[in-house]
Amino acid sequence: MKNIFSKKEKKGATGSRSWKKNAPHNKSARGSQSRTNSEFRENPKPDEDLTITVLVEGMLERMEQKGLNKFLLSDFKCTVLFKPEDLYNPETANEKLSLILLEIEKYLELYPIPLRIEPIAEEKKEETRGYYRHKGSERYVMVSGLNHSDPEQLIATLCYACTGYFMDNHSLGWSDSDMNKKRADVMAILLGFGNYLAMAYQERQTQERRGNIVTTTTHKLGCLSTVECWQVMEQRARWQEEQKKKEEEQKHKEQIEQMRRELEANLYQARAIYTAIKSIDLNSIDNKAVYESPGFQTALLEYESTDTEAVLEMCERELYGMPDELRIQNAANKLSELTTELDRWLKAFKYFSSL
């Protein structure tokens, strides 16, 4: 996981077809860095797509197994204002990179570790490196090449390096070491760094003229192409939608279960009141004035005209039947009305039977 930058060189004579084909420094050539997201997604390579899809699926499954889903649901946003001119002042660049590193570590819930910045030799100025190192008790993040990079590349490098820290911290290693660098890039996107990597991982070209010979150098940060970055981001977005649906379904199930528990408790209460009413011998009231009183007669008429047992049985069917929220809610409403009436009748019958 050390070097995440590579280069490719092309040479040609001035004015030749090969030089024109590779020359980047005109408006049409520079447009490769400003293509829209949809353009990046139009022509992915089938074999690479399959490889990325398999990688993403395996890593999502591993994250779920370890209970790390929460790290896949948000996107990192750097709040540190890191400008190109900051790179001309080593102290300022170091300070801002350290602040960005702290933000990333906080975002990933990682213990802060030191940042090391190393220079790049002049003959290797094309290379930008970044990695996470864990050796014994020593841990640190390293970046280099400040004078030959831009803020977007350096932020992406820190995201990549901290992804290595995250994977090490949660024992997210895989046995096929030949895929480690690409897998770290994929994991970085899954963790919410996709916007930074997609921008920094675009190919960039520089030219150098010596006499009538022009050398075009293509610089490439990371193992993924921008197309692959967008593919991982889209696959991640689909996974997030699936998780959202699962959460909503689970929430709905829990809501129905709560409604059932409440209905069961209210049924128990209603049955208890109904049993108490039936235990009162209304025929034993021999006080004619009490028996003919409007209050007693009203309560008795309502009680005898209401099929209490039918309502209770209906509620029990909904309680133990298919989980239908509307039907359970309807049963709960009817049971609430019945319980209110049962309570009123019980109080009335107790009062009049005591006279």
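Refer to the structure presented above.
Student: How do you make sense of the overall build of the protein chain when you look at a structure like this?
Tutor: Secondary structure summary: the protein chain contains 12 helices and 6 strands in total. The 355 residues of the protein chain split such that 41% are buried. By sequence separation, contacts in the protein chain at least 24 residues apart represent 75% of the contacts at least 6 residues apart. Here the protein chain displays about 20600 Å² of accessible surface, and carbon together with sulfur accounts for 49% of that area.

Student: Any chance you could explain the packing of aromatic side chains here in plain terms?
Tutor: Each aromatic ring pair is described using two quantities: the centre-to-centre distance and the angle formed by the ring planes. Applying the stated criterion across every chain yields a total of 11 aromatic pairs. Ring geometry for Phe71 and Phe166: centres 5.0 Å apart, planes at 70°, overall edge-to-face. Residue Phe71 is found in the loop between helix 4 (46-65) and helix 5 (90-107), and its partner Phe166 is found in helix 6 (residues 151-169); the two are separated by 95 residues along the sequence. Accessibility classification places Phe71 together with Phe166 in one group, the buried group. Where Tyr303 meets Phe349, the ring centres are 5.7 Å apart and the plane angle is 75°; that geometry is what we call edge-to-face. Of the two residues, Tyr303 sits in helix 10 (residues 294-305) while Phe349 sits in helix 12 (residues 325-353), which places them 46 residues apart along the sequence. Per residue, the accessibility class of Tyr303 equals that of Phe349, and both read buried. Each residue in the set Phe296, Tyr303, Trp345, Phe349, Tyr351 and Phe352 is aromatic and connected to the rest through ring pairs, giving one cluster. Residue placement shows Arg62 over the ring face of Trp174; its charged tip is 4.8 Å from the ring centre. For Arg116, the ring lying beneath its charged end belongs to Tyr140, and the centroid distance is 3.8 Å.

Student: Can you help me understand unusual backbone geometry in this one?
Tutor: The phi torsion of most residues other than glycine is negative, and most of the peptide bonds are trans. Located in the positive-phi region is Glu109, a residue other than glycine, with phi close to 55°. Its place among the elements puts Glu109 in the loop between helix 5 and strand 2 (115-118). Of note, the phi angle at Ser171 is positive, near 55°, even though the residue is not glycine. Looking at the element boundaries, Ser171 is found in the loop between helix 6 and helix 7 (180-200).

Student: I tried to follow helix 6 on my own but got confused; where do I start?
Tutor: Because an α-helix completes one turn every 3.6 residues, residues spaced three or four positions apart along the sequence face the same direction. Helix length check: helix 6 (19 residues) gives 27 Å between terminal C-alpha atoms against 27 Å at 1.5 Å per residue, within 8%. Looking at where helix 6 begins, the residue whose side-chain oxygen comes 3.2 Å from the main-chain nitrogen of Glu152 is Asp150. Directly after helix 6, the chain includes Ser171, whose backbone phi takes a positive value near 55°.

Student: Looking at this structure, I do not really get the packing of helix 7 against helix 8 (residues 226-278). What am I missing?
Tutor: The description of two helices packed together rests on the angle between their axes and the distance between the axes. The N-to-C vectors of helix 7 and helix 8 enclose an angle of 85°; their axes lie 9 Å apart at closest approach. Viewed along their axes, helix 7 and helix 8 adopt a mutual orientation that is roughly perpendicular. Contacts between helix 7 and helix 8 pair Lys182, Val186, Ile189, Leu190, Leu191, Gly192, Gly194, Asn195, Leu197 and Ala198 from the former with Thr226, Glu228, Cys229, Trp230, Val232, Met233 and Arg236 from the latter. Among the residues forming the contact of helix 7 with helix 8, the class breakdown is 10 nonpolar, 4 polar and 3 charged.

Student: I'm lost on the pattern of salt bridges in this one. Help?
Tutor: Pairing of side chains with opposite charge becomes possible as their charged atoms draw close. All told, the structure shown has 15 salt bridges when counted by the stated rule. Arg139 is the partner of Asp168 in a salt bridge, and the nearest nitrogen-oxygen pair spans 4.0 Å. Of the two residues, Asp168 sits in helix 6 while Arg139 sits in strand 4 (residues 138-144), which places them 29 residues apart along the sequence. Of the charged contacts, one joins Glu228 and Lys182 as a salt bridge, the two residues approaching to 3.8 Å between their closest N and O atoms. Highlighted residues: Glu228 in helix 8 and Lys182 in helix 7, separated in sequence by 46 residues. Note on accessibility: Glu228 and Lys182 belong to one class, buried. By sharing partners, the salt bridges in this structure join Arg271, Glu309 and Glu316 into a single network.

Cut-offs and rules
Residues numbered from 1 in each chain as written. Predicted model: local features only at pLDDT ≥ 70, side-chain atom pairs only at ≥ 80, totals over all residues. Heavy atoms only, no water. Helix = DSSP H or I, 4+ residues; strand = E, 2+ residues; numbered from the N terminus. Buried < 20%, exposed > 50% of the residue type's maximum accessible area, 1.4 Å probe, protein only. Contact = heavy atoms within 4.5 Å. Areas by Shrake-Rupley, 256 points an atom, 1.4 Å probe, with all protein chains shown as cover. Phe/Tyr/Trp six-rings, centres within 6.5 Å; stacked < 30°, edge-to-face > 60°. Lys NZ or Arg CZ within 6 Å of the ring centre and 35° of its normal. Expected span 1.5 Å × (residues − 1). Polar contact = N/O pair within 3.5 Å; in protein donor to acceptor, adjacent residues only side chain to side chain. Axes fitted to C-alpha atoms, helices over the stretch in contact; angles between N-to-C directions. Parallel < 35°, antiparallel > 145°, perpendicular 65-115°, else oblique. Nonpolar A, V, L, I, M, F, W, Y, C, P; charged D, E, K, R; others polar. Salt bridge = Lys/Arg side-chain N within 4 Å of Asp/Glu carboxyl O.

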